[in-house]
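A structural walkthrough
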Amino acid sequence: MPHLRRPAIAAGTLLLTLAVAGCSGLGRTAVGNVIYETEDKRVVHVSNPVVTGCFPFIPKGAHRVENATLIDMFLYREPNCKGPESGYIGTTLFDNIAPGTTPWLSYSFVH
């Protein structure tokens, strides 16, 4: 009976590896919340956002951004995650813009 156990373990390991590899990129989320505040002090919570893509803040932008997720993020002054000015917020940190500067208009995650 021991001679049958090894092929079964190897086959089970292979199937588990294939299943994990096949599902790893599907719908991966930044577990936690992105919390931001607008110029008029409105607070917005985004729960478990998807890791891939560019995400706009509401049209007037964000003046304070808190990254309460498990993944670092980039902040942009342009609505399409482009442009020369960008910021970086590590996980569990926050950013306040300086008075008189352009608000953050979009964000993406490091992946």
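Residues numbered from 1 in each chain as written. Predicted model: local features only at pLDDT ≥ 70, side-chain atom pairs only at ≥ 80, totals over all residues. Heavy atoms only, no water.

1. Describing the nonpolar core
General note: in soluble globular proteins, nonpolar side chains tend to be found buried as a group. Phe-57, Val-65, Met-73, Leu-75, Trp-104, Tyr-107 and Phe-109 are the most contacted members of the largest nonpolar core, which has 17 residues in total. Elements supplying a minimum of two residues to this core: β1 (32–37), β5 (73–76) and β8 (106–109). (Core = buried A, V, L, I, M, F, W, Y, C linked by side-chain atoms within 4.5 Å. Buried < 20%, exposed > 50% of the residue type's maximum accessible area, 1.4 Å probe, protein only. Helix = DSSP H or I, 4+ residues; strand = E, 2+ residues; numbered from the N terminus.)

2. Here we look at the environment of Arg-64
Topologically, Arg-64 is positioned in strand β4 (residues 64–69). Among all residues touching Arg-64, those that are not within four sequence positions of it are Ile-35, Tyr-36, Glu-37, Phe-94, Asp-95 and Asn-96. In terms of polar contacts, Arg-64 uses its side chain to reach the side chain of Asn-96, at 3.5 Å. (Contact = heavy atoms within 4.5 Å. Polar contact = N/O pair within 3.5 Å; in protein donor to acceptor, adjacent residues only side chain to side chain.)

3. Points about the sheet that holds β5
The strand order across the open sheet built from four strands is β3-β8-β5-β6, with neighbouring strands paired in antiparallel fashion. Since the sheet does not close on itself, it has two edges, and those belong to β3 (55–56) and β6 (86–89), each with one partner. (Pairing = 2+ DSSP bridges.)

4. Let's talk about the confidence of the model for the protein
The predicted model of the protein averages 83 in pLDDT, with 77% of residues at 70 or higher. This stretch, residues 16–24, has a pLDDT under 50; its non-local contacts, to residues over four places away or in other chains, come to zero contacts. (pLDDT = per-residue confidence, 0-100.)

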